[in-house]
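Tertiary structure, described
Below are the chains, spelled out letter by letter.
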Amino acid sequence: MHNDELDSLLRTSSEDEITPSSGFAASVMEAVRSEAALPSPIKFPWLRALPGMLAVVLAAGVGTYLVATQAAGAAASPAWLNWQDALARAPVAGLGTAMIWSCSALLFSYLSVKLSMRFATRRA
Amino acid sequence: MQPFPGGGGRTGKREGATHVSPSEDQADVERVLAGETSAFEGLVRRWQSPLINLAYRFCRDRGRAEEMAQEAFLRAYRALDKWRRDAAFSTWLFALAMNVYRTELRRIPAHVPLEDIAEPKDERAEDGGLEQRDRERAVRAAVGALPMKYREVMVLFYFHEMEVAAAAKSLGLPEGTVKARLSRGRDILRDKLPRVFHPQLKPAAAQVKEA
């Protein structure tokens, strides 16, 4: 069978059109009006969130840098010197690092809570 | 860009919005965007018939077709500000509707598996040939049972009378892909419905009887 024959058979196979129900347009408009009556969705406050996001990125960067520097320093020292040295300084260095991270976490939590409360009170 | 005439007709045989002026659509869209929600009704009234018929050609269920068309209009209302004026409103609306229909039709299996389609019987045709109406019914059923990617291009091109370019835009596909799918769809139909496309072939029962 040639394409032309098949084409014409397919074209003539299209059915008659159906007519929309009488209430179709009204039904659509009712749905549209309900949609229009809804409050517009709250957009994410990118501008306000930017400082916080920058702080997180900065903290992550600093953290990565510190870890990388410590790892590089450890690799450069002889192993016997390294473990003795590390053992001697461990309590002090560990305490210092932990304090820095704890303070950062507390500060970050405090800022998050303050910002959230500020947004919440403004919206209310 | 060329708007679809009344929803994409090649032959002018189209439903509903036959004499749609693009400026009417644009004016209504501007009014809706300015806050006049009721202006959307003009768009609905102009395009309800093409959209419902397009959905009907896919799902073969009037109620479901209207539901799908309503969902398409609702999505169009939500996204009205995303219509770029470089494309005709109808082009944008049909592309959006096709997206809605495709998503919806993924949930609906083809009504009849192609293998299960019985070849139509026609007692009046003694020579094993089929009456035109039976052939058309068989072809529609076969198209409806094609895998979705072939069905959608066949429906848009043959039943909704869209040009290849318009169908490609509505489906978000390159024209070459649409042409390839049309060709493959025709091949599948030829394989599955040999008696419809080759009326000279006699039904198996008749051949056995003759032997």
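The coordinates are above.
Since the model is a prediction, treat every value here as computed from it, not as a measurement. (Residues numbered from 1 in each chain as written. Chains lettered and ligands numbered in written order. Predicted model: local features only at pLDDT ≥ 70, side-chain atom pairs only at ≥ 80, totals over all residues.)

1. Quick notes on the overall build of chain B
The condition that has to hold: Numbering of helices and strands starts at the N terminus; helices are DSSP runs of H or I of at least 4 residues and strands are runs of E of at least 2. A residue is called partly exposed when the number of other C-beta atoms within 10 Å of its own lies between 12 and 20, exposed at 12 or fewer, and buried at 20 or more, with C-beta atoms placed from the backbone. In this description, any two residues whose backbone-derived C-beta atoms lie within 7 Å of each other are considered to be in contact.
A count of helices and strands for chain B gives 10 helices and 0 strands. Ordered by position from the N terminus, the helices and strands of chain B form the series α-α-α-α-α-α-α-α-α-α. The proportion of buried residues among the 211 residues of chain B is 42%. Within chain B, contacts between residues separated by at least 24 positions form 62% of all contacts whose residues are at least 6 apart in sequence.

2. With respect to the packing of helix H6 (residues 148-159) of chain B against helix H7 (residues 164-171) of chain B
All names here are of chain B. So the rule is basically this: Geometry is summarised by axes, namely lines fitted to C-alpha atoms with helices restricted to the contacting stretch, and by angles between N-to-C directions that run from 0 to 180 degrees. Oblique is the label for every angle not falling under 35 degrees (roughly parallel), over 145 degrees (roughly antiparallel), or within 65 to 115 degrees (roughly perpendicular). In a left-handed crossing the near helix is turned counterclockwise from the far helix by less than a right angle, and in a right-handed crossing that turn is clockwise. Here the term charged refers only to Asp, Glu, Lys and Arg, the term nonpolar to Ala, Val, Leu, Ile, Met, Phe, Trp, Tyr, Cys and Pro, and the term polar to all other amino acids, Gly among them.
Packing of H6 against H7 leaves a shortest axis separation of 9 Å and a crossing angle of 135°. In terms of orientation, H6 lies oblique with respect to H7. Note that H6 runs across H7; the crossing there is right-handed. Facing H6, whose interface residues are Glu 152, Val 153, Leu 156 and Phe 157, H7 presents Val 164, Ala 167, Ser 170 and Leu 171. Class assignment of the residues belonging to the contact of H6 with H7 gives a composition of 6 nonpolar, 1 polar and 1 charged.

3. A closer look at the interface of chain A and chain B
It is common to give the size of an interface as the accessible area that goes away when the parts come together. With 23 residues of chain A at the contact, the number on the chain B side is 28 residues. Mapped by element, the contributors of at least two residues to the side of chain A that touches chain B are helix H1 (3-12) and helix H2 (24-37) of chain A. Top element by residues in the side of chain A that touches chain B is H2(A). It accounts for 10 residues. Residue composition of the side of chain A that touches chain B, by class: 13 nonpolar, 5 polar and 5 charged.

4. Considering the packing of helix H2 (residues 40-59) of chain B against helix H4 (residues 89-107) of chain B
Pairs of packed helices are described in terms of their axes, by the angle between the two and the distance that separates them. Residues and elements named next belong to chain B. Contact geometry of H2 with H4 gives a least axis separation of 11 Å together with a crossing angle of 30°. In terms of axis orientation, H2 runs roughly parallel to H4. Between H2 and H4 lies a crossing whose hand is right-handed. Residue-level contacts link Trp 47, Leu 51, Leu 54, Ala 55, Phe 58 and Cys 59 of H2 to Leu 93, Ala 97, Tyr 101 and Leu 105 of H4.

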